[in-house]
Amino acid sequence: MSVWIAIAATAIGCYLVKLAGLLVPAGALERPLVQRLAALLPVALLAALTAQQTFGAGDALVLDARAAGVAAAALALLLRAPFLVVVGAAVAVTAGVRALGG
């Protein structure tokens with residue numbers, strides 16, 4: 001029963017957050033600072049999630065094959081490689097390090 005309470009509370013919370021977003025005056029959303037923050041926020045959240053999933057394991061900092069894959073992707077980005085090449089490099093390096101026992 002507690003699972004259904006959690007689902008209902010989450011649904012109500014999502015609805016209230018959406019409603020709060022609709023109640024914000026249009027003038028407040030047109031400010032340059034708000035527009036700049038709205039453009040940068042998804043990138044910051046994605047970077048934080050990527051860092052947490054790559055370098056975290058519970059409460060510990062972990063450097064393993066995933067870190068090597070992220071480093072390979074970063075290098076490919078610095079070399080201005082296309083997106084699919086960046087992803088492929090990350091996958092190949094991660095798989096290679098794991099195959100070598102890392």
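Residues numbered from 1 in each chain as written. Predicted model: local features only at pLDDT ≥ 70, side-chain atom pairs only at ≥ 80, totals over all residues. Heavy atoms only, no water.

Asker: It is not clear to me how the packing of helix α3 (residues 32–55) against helix α4 (residues 65–78) should be interpreted in this structure. Could you clarify?
Answerer: Any two packed helices are characterised by the angle at which their axes cross and by the distance between the axes. Interaxial distance between α3 and α4 falls to 8 Å at its minimum, and their mutual angle equals 140°. It follows that α3 is oblique to α4 by the angle criterion. Of the residues in α4, those touching α3 at Gln53, Thr54 and Phe55 are Arg66, Ala67 and Val70. The residue makeup of the contact of α3 with α4, split by class, is three nonpolar, two polar and one charged. (Axes fitted to C-alpha atoms, helices over the stretch in contact; angles between N-to-C directions. Helix = DSSP H or I, 4+ residues; strand = E, 2+ residues; numbered from the N terminus. Parallel < 35°, antiparallel > 145°, perpendicular 65-115°, else oblique. Contact = heavy atoms within 4.5 Å. Nonpolar A, V, L, I, M, F, W, Y, C, P; charged D, E, K, R; others polar.)

Asker: Just checking my understanding: could you explain helix α5 (residues 83–99) for this structure?
Answerer: Every α-helical turn comprises 3.6 residues, leaving residues that sit three or four positions apart pointing alike. If you check α5, its first and last C-alpha atoms are 24 Å apart, about what 17 residues at 1.5 Å a residue would give, namely 24 Å. Residues Val86, Ala90 and Thr94 constitute the buried set of α5. For α5, the arc enclosing every buried residue in end-on projection is 60°, short of the 170-degree limit, so these residues lie on one face. In α5, the exposed positions angled more than 90 degrees off the buried face are occupied by Leu84, Val91 and Ala99. On its buried side, α5 packs onto α4. Directly beyond the C-terminal end of α5, a positive phi value near 100° is found at Gly101. (Expected span 1.5 Å × (residues − 1). Buried < 20%, exposed > 50% of the residue type's maximum accessible area, 1.4 Å probe, protein only. Arc of directions from axis to C-beta.)

Asker: I tried to follow the pattern of salt bridges on my own but got confused; where do I start?
Answerer: Side-chain pairs of opposite charge can arise whenever the charged atoms involved come near each other. Counted according to the given criterion, the structure contains one salt bridge. Two residues, Arg66 and Asp64, come together in a salt bridge whose shortest N-O distance is 3.3 Å. In this structure Asp64 comes out as partly exposed when scored by relative accessible area, which is 25%. (Salt bridge = Lys/Arg side-chain N within 4 Å of Asp/Glu carboxyl O.)

Asker: Explain α3 to me, please; I cannot follow it from the model alone.
Answerer: Given a rise of 1.5 Å per residue, 24 residues ought to cover 34 Å, and the 34 Å separating the end C-alpha atoms of α3 matches this to within 8%. The principal kink in α3, of about 30°, is found at Leu40, preceding the proline Pro42 by one to four residues. (Bend = angle between axes of the 7 residues up to and from the residue.)

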